[in-house]
Amino acid sequence: MQETFRALIGEMGGQIFSQMPTKAQGYNIATGGTIIHELGGTRMGSDASTSVVNANCQAHDCKNLFVADGGPFVSQADKNPTWTILALSWRTADYIAEQRKAGAL
């Protein structure tokens, strides 16, 4: 990824001011658990055999379990996911409230 971005910057006429991170530096990739937004682990999908939660972030196998964080993400872009996490959490909370009022939870 870093080589690709460096090549793109160079092709567009930009300048790179830092050295390429080395293997000894871990390529400047933080270890799991040290990054603010850990994503994945409870994949969202419609098929219980290939995912953990449905489109409402509700577990397929436990109807009163909801995952309202970055866990349902199936991929990670290079952008901050905070707003998407917030939107999904809000939608999940609305769904829970509707289901409670209907007596389904």
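As a starting point, this report considers the structure included with it. (Residues numbered from 1 in each chain as written. Predicted model: local features only at pLDDT ≥ 70, side-chain atom pairs only at ≥ 80, totals over all residues. Heavy atoms only, no water.)

As for the overall build of the protein chain
- Secondary structure assignment for the protein chain yields two helices and zero strands.
- Against the compact-globule benchmark of 13 Å for 105 residues, the protein chain has a radius of gyration of 19 Å, which places it well outside the compact range.
- Projected onto the principal axes, the alpha-carbon positions of the protein chain cover approximately 60 × 25 × 25 Å.
- The 105 residues of the protein chain split such that 21% are buried.
- Restricting the contact set of the protein chain to residue pairs at least 6 apart, pairs at least 24 apart contribute 41%. (Helix = DSSP H or I, 4+ residues; strand = E, 2+ residues; numbered from the N terminus. Rg over C-alpha atoms; globule rule 2.2 N^0.38 Å. Buried < 20%, exposed > 50% of the residue type's maximum accessible area, 1.4 Å probe, protein only. Contact = heavy atoms within 4.5 Å.)

Here we look at unusual backbone geometry
- Unlike most non-glycine residues, Asn28 shows phi in positive territory, near 60°.
- Structurally, Asn28 is set in the loop between α1 (2-11) and α2 (82-101).
- One non-glycine residue, Cys57, lies in the positive phi region at around 65°.
- Mapped onto the elements, Cys57 comes out in the loop between α1 and α2.

Regarding α2
- With 20 residues, α2 should cover 28 Å at 1.5 Å per step; its first-to-last C-alpha distance of 29 Å lies within 8% of that length.
- Of the residues flanking the end of α2, it is Gly103, one or two places downstream, whose phi is positive at about 80°. (Expected span 1.5 Å × (residues − 1).)

Looking at the side chain of Gln58
- With respect to the helices, strands and loops of the structure, Gln58 is situated in the loop between α1 and α2.
- Every residue in contact with Gln58, bar those within four places of it in the chain, is listed here: Val52, Val53, Lys63, Leu65, Phe66, Tyr95 and Leu105.

Here we look at a nonpolar patch on the surface
- On the surface, a cluster of nonpolar side chains totalling about 630 Å² of accessible area is made up of Met1, Phe5, Leu8, Ile9, Met12 and Ile16.
- Among the structural elements, Met1 can be located in the segment before α1.
- Classification of Met1 by relative accessible area gives exposed; the value is 64%. (Patch = residues over 30% accessible without salt bridge, like charges linked within 9 Å, V, L, I, M, F, W, Y side chains within 5 Å. Areas by Shrake-Rupley, 256 points an atom, 1.4 Å probe, with all protein chains shown as cover. Salt bridge = Lys/Arg side-chain N within 4 Å of Asp/Glu carboxyl O.)

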